[in-house]
Amino acid sequence: MPANLAHRRDHLETLLLESQPLWQPATFRERRPAWCTDHPELTHDLLTLDDATLRSLSENSENSITWLSSYLPQIEPLKKLIQLPKATTSPENSNPKIHGVGARKAAQINAFIAAMGRPQTPTVEWCSGKGHLSRALLRTHGGEALAVERNPTLCHSGKLLSKDLAHQFLQADVMAPKIAETLRSSHAIALHACGDLHQRLALAATEVHAPAIHFAPCCYQLTAHEHYLPRSKKSPLTLNKNTLKLAVTETSSSAPGRTARSERSSAWKLAFINLREQLHPEAPYQTFPPIPGHWQQLSFQEFLTTLATREGIPIPKSFDFPKSENAGWIRHQESRRLQLVRLSYRRAIELWLMHDLAAWLEQQNYHVSITEFCPRTLTPRNLLVSARLKK
Ligand SMILES: C[S@@+](CC[C@H](N)C(=O)[O-])C[C@H]1O[C@@H](n2cnc3c(N)ncnc32)[C@H](O)[C@@H]1O
């Protein structure tokens, strides 16, 4: 496994480019991706996986890579490439409970603080929400912090929680010009800053040579750009929003009720796609706008009729709705199983994105590392990019 971030980025890129036909097709859109023809035994074994095995493989990329490597030997090197060191933790951290924050979020915040260590300069929390991270940091280490957040209500609530601390709030849009000045001579931190927001943090912090940066990224698909814009060098790897979303696809972390609703929604949408394909077998797949939340109250027949009307698809006379719903569920179960191949690449995609940004930070004269700041069970978005300006 290459230790150097730029080399690791290149290894991930090579592997992702070579295996593009395996991770690019979304099984929701393509009932049988082209790889199914090349790998009939794998296709058969996936389609006949029992639910418990499917769940355990879907939850863990390493396990699914192991399972898949007997069919797809080319996937085996991924297993080592996606292994990351755990962050070393400092012992001073002592806030098991954080006021106003659930236990899981508090554990994430504490793990982040333990991993970043004592800041040497005032801290700036980027896209802070109510500023729980910087507040907990102040309670652990003392010092001063500024929380930058766009939402005035969150800033107001944050200020009320920080009355006893040297904790300021700046209500500002981090995409605005001149925002970099807030980071000058500061230790920049961000927990779960989405796509463009963590990219902006890296750009702004390096612009003013901020001495230290620690951030945990999330939601890579939340970007104003059509594709990810590679930072460290040109790349033949093109990741569109659909693929960026794959990097954060989770199959297990939702509450059971939510999972059941999302499964039903998928099965019903697939019933609609079946209908559309029956009527227009040659037409390419077309995305459709999101389904309004209140449609969840509808029966299957009402749902399909409403969606078909909205999308201009006529429902044939004497249409068999129960049969259509059943076919939607069958297709959903198949899609979940075949998706396992694609899901096995999600961590590699996430790591390529972060190694690209980390390699760029190195080019900007920073010592950089990427670690896991907490176990995946606390949050699957557990990457921590740490950068310190070289002296
Ligand atoms: C995913 S939340 C993370 C909040 C907090 N760091 C946490 O972990 O709970 C993202 C935060 O970024 C803020 N935000 C989104 N876009 C922003 C922008 N352009 N400028 C400043 N803050 C922004 C949102 O209001 C929200 O509070």
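Preceding this paragraph is the structure being described.
Residues numbered from 1 in each chain as written. Predicted model: local features only at pLDDT ≥ 70, side-chain atom pairs only at ≥ 80, totals over all residues. Heavy atoms only, no water.

A. Representation of the overall build of the protein in the model. Summing up its helical and strand segments, the protein has 16 helices and seven strands in all. Taken over the C-alpha trace, the protein has a radius of gyration of 23 Å; the compact-globule value for 391 residues is 21 Å, and the two agree within 12%. Projecting the C-alpha coordinates of the protein onto the three principal axes gives extents of approximately 70 × 45 × 40 Å. Out of the 391 residues in the protein, the part that is buried amounts to 49%. Long-range contacts, defined as pairs at least 24 residues apart, comprise 70% of the intrachain contacts of the protein with a sequence gap of at least 6. (Helix = DSSP H or I, 4+ residues; strand = E, 2+ residues; numbered from the N terminus. Rg over C-alpha atoms; globule rule 2.2 N^0.38 Å. Buried < 20%, exposed > 50% of the residue type's maximum accessible area, 1.4 Å probe, protein only. Contact = heavy atoms within 4.5 Å.)

B. Fine view of unusual backbone geometry. In this structure, Cys 127 takes a positive phi of about 50 degrees despite not being glycine. Its place among the elements puts Cys 127 in the loop between β1 (123-126) and α9 (132-141).

C. How the structure looks around the pattern of salt bridges. Evaluated as defined, the whole model comprises 17 salt bridges. Where Glu 13 meets Arg 9, a salt bridge forms, and the shortest distance between an N and an O atom there is 3.0 Å. Here the residue Glu 13 and the residue Arg 9 both occupy positions in helix α1 (residues 5-18), the gap between them amounting to four residues, near one helical turn. Residue Arg 9 is classed as buried on the basis of its relative accessible area, which comes to 1%. Note that Arg 31 is salt-bridged to Glu 334, the shortest N-O span being 3.3 Å. Taken together, the positions of Arg 31 in the loop between α2 (20-23) and α3 (35-38) and Glu 334 in helix α15 (residues 321-343) put the pair 303 residues apart, joining distant regions of the chain. Residue Glu 334 is classed as buried on the basis of its relative accessible area, which comes to 17%. Linked through salt bridges whose partners overlap, the residues forming this network are Arg 9, Asp 10, Glu 13, Lys 233 and Asp 356. (Salt bridge = Lys/Arg side-chain N within 4 Å of Asp/Glu carboxyl O.)

D. Structural detail: the pairing of strand β5 (residues 212-218). Of all seven residues in β5, seven are buried, a share of seventy percent or more. Neither face of β5 is left uncovered, since the one carrying Ala 212, His 214, Ala 216 and Cys 218 and the one carrying Ile 213, Phe 215 and Pro 217 both have all their residues buried. As judged from the seven bridges shared by strand β4 (residues 187-194) and β5, these two strands associate in the parallel manner. Bridge pairing in β5 places Ala 190 opposite Phe 215. Across four bridges, the pairing between β5 and strand β7 (residues 383-389) is antiparallel. (Pairing = 2+ DSSP bridges.)

E. Structural view of the packing of aromatic side chains. A complete count under the given rule lists nine aromatic pairs for this structure. Ring pairs connect the aromatic residues Trp 268, Trp 295, Phe 300, Phe 303, Phe 319 and Phe 321, which therefore count as one cluster. Between the NZ or CZ atom of Arg 264 and the centre of the ring of Trp 268, over which it lies, the distance is 4.1 Å. The lysine or arginine in question, Arg 276, covers the ring of Tyr 285, its NZ or CZ lying 5.3 Å from the ring centre. (Phe/Tyr/Trp six-rings, centres within 6.5 Å; stacked < 30°, edge-to-face > 60°. Lys NZ or Arg CZ within 6 Å of the ring centre and 35° of its normal.)

F. Examining the environment of Gly 158 more closely. Mapped onto the elements, Gly 158 comes out in helix α10 (residues 152-161). Exposure remark for Gly 158: the relative accessible area of 0% places this residue in the buried category.

G. How the structure looks around the packing of helix α11 (residues 195-207) against helix α16 (residues 346-363). Between α11 and α16, whose axes approach to 11 Å, the crossing angle comes to 5 degrees. By the angle class used here, α11 and α16 are roughly parallel. Between α11 and α16, the contacting residues are His 198, Gln 199, Ala 202, Leu 203 and Thr 206 on the first element and Met 354, Leu 357, Trp 360 and Leu 361 on the second. Here the contact of α11 with α16 is built from residues that sort into six nonpolar, three polar and no charged. (Axes fitted to C-alpha atoms, helices over the stretch in contact; angles between N-to-C directions. Parallel < 35°, antiparallel > 145°, perpendicular 65-115°, else oblique. Nonpolar A, V, L, I, M, F, W, Y, C, P; charged D, E, K, R; others polar.)

H. Examining the pairing of β7 more closely. Most of β7 sits inside the fold, with five of its seven residues counted as buried. Here strand β6 (residues 366-372) pairs with β7 via seven bridges, running antiparallel. Bridge pairing in β7 links Thr 371 to Leu 384.

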